[in-house]
Amino acid sequence: MAQDDLKRAVAAAAMETVEPLLDSKTIVGVGTGSTANFFIDELAAHKHQFDAAVASSEASAERLRGHGISVIDANSAGPIAVYVDGADEVDPSRALIKGGGAALTREKIVAACSDSFICIVDESKLVDCLGEYPLPVEVVPMARSLVARGLAGLGGEPVWREGVVTDNGNLILDVYGLNITDPDGLEKRINNLVGTVCNGIFAANRAGQVLVASAAGITKLD
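A brief structural summary. (Residues numbered from 1 in each chain as written. Predicted model: local features only at pLDDT ≥ 70, side-chain atom pairs only at ≥ 80, totals over all residues. Heavy atoms only, no water.)

**Digging into the packing of aromatic side chains**
Link 1 in the chain: Under the defined criterion, the tally for this structure stands at two aromatic pairs.
Link 2 in the chain: The interplanar angle of 40° and the centroid separation of 5.1 Å between the aromatic rings of Y83 and F117 together place this pair among those described as tilted. Here Y83 is found in strand β3 (residues 82-85), whereas its partner F117 is found in strand β6 (residues 117-122), with 34 residues between them in sequence.
Link 3 in the chain: Using a relative accessible area of 0% as the deciding quantity, one classes Y83 as buried.
Link 4 in the chain: Among the aromatic residues, those joined into a cluster by ring pairs are Y83, F117 and F202.
Link 5 in the chain: The ring centre of F202 lies 4.9 Å from the NZ or CZ of K108, which sits over that ring.
Link 6 in the chain: For R144, the ring lying beneath its charged end belongs to W160, and the centroid distance is 3.9 Å. (Phe/Tyr/Trp six-rings, centres within 6.5 Å; stacked < 30°, edge-to-face > 60°. Helix = DSSP H or I, 4+ residues; strand = E, 2+ residues; numbered from the N terminus. Buried < 20%, exposed > 50% of the residue type's maximum accessible area, 1.4 Å probe, protein only. Lys NZ or Arg CZ within 6 Å of the ring centre and 35° of its normal.)

Rendered as structure tokens:
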């Protein structure tokens, strides 16, 4: 199967899981990226069954509104019933690397606000150990070099993603060469570097459930 077909299939599977949660008061959290876009398209068919969505990026908010789905700010939302998003890597413990689309901070906020987090991926995202994909780190612009030196001290090779500014007005460093055997610990250490806004390890906010699409069908990690 083509990768887009796998993404479409796993988005449909997520919708089957989410649909029983929908009612007139339900708030749905929606992530960012190509797989999340397929979920948004699935969600559009159910837009009259729930109250509103909270989006993790301006791009996702625009796509939701284009489908006629109400989008509200996380500060205005009550409890978010479920958050659905993709990932760049998933390890066997359901820890993730996210942030290829530079929306990691808002993604982590929406995940933390949500009662449950469903991650949707195709099988190419599964790894034994996080770190083959470069780890995105969002940084305050004036601290870019300071944080880069700190990341180098942790064994990584940080590269500024030039030309990219996050929805929060910050910069992204992509960190290569990390072998992330302790995602929980490394997430905390990077967040403690002064000038770091957020990093793309989702360990404290692990997905509660990961749906994985392959040619053989949909499997679940939980």
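**Considering the packing of helix α2 (residues 34-44) against helix α3 (residues 58-66)**
For any two helices packed against each other, one specifies the crossing angle of their axes together with the interaxial distance.
Link 1 in the chain: The N-to-C vectors of α2 and α3 enclose an angle of 25°; their axes lie 10 Å apart at closest approach. In terms of axis orientation, α2 runs roughly parallel to α3. Crossing angle aside, the handedness with which α2 passes α3 is right-handed. Between α2 and α3, the contacting residues are N37, I40, D41 and L43 on the first element and S60, R63 and L64 on the second. (Axes fitted to C-alpha atoms, helices over the stretch in contact; angles between N-to-C directions. Parallel < 35°, antiparallel > 145°, perpendicular 65-115°, else oblique. Left-handed = near helix turned anticlockwise from the far one by under 90°. Contact = heavy atoms within 4.5 Å.)

Note that every value here comes from positions in space, so none of it alone points to a role or purpose.
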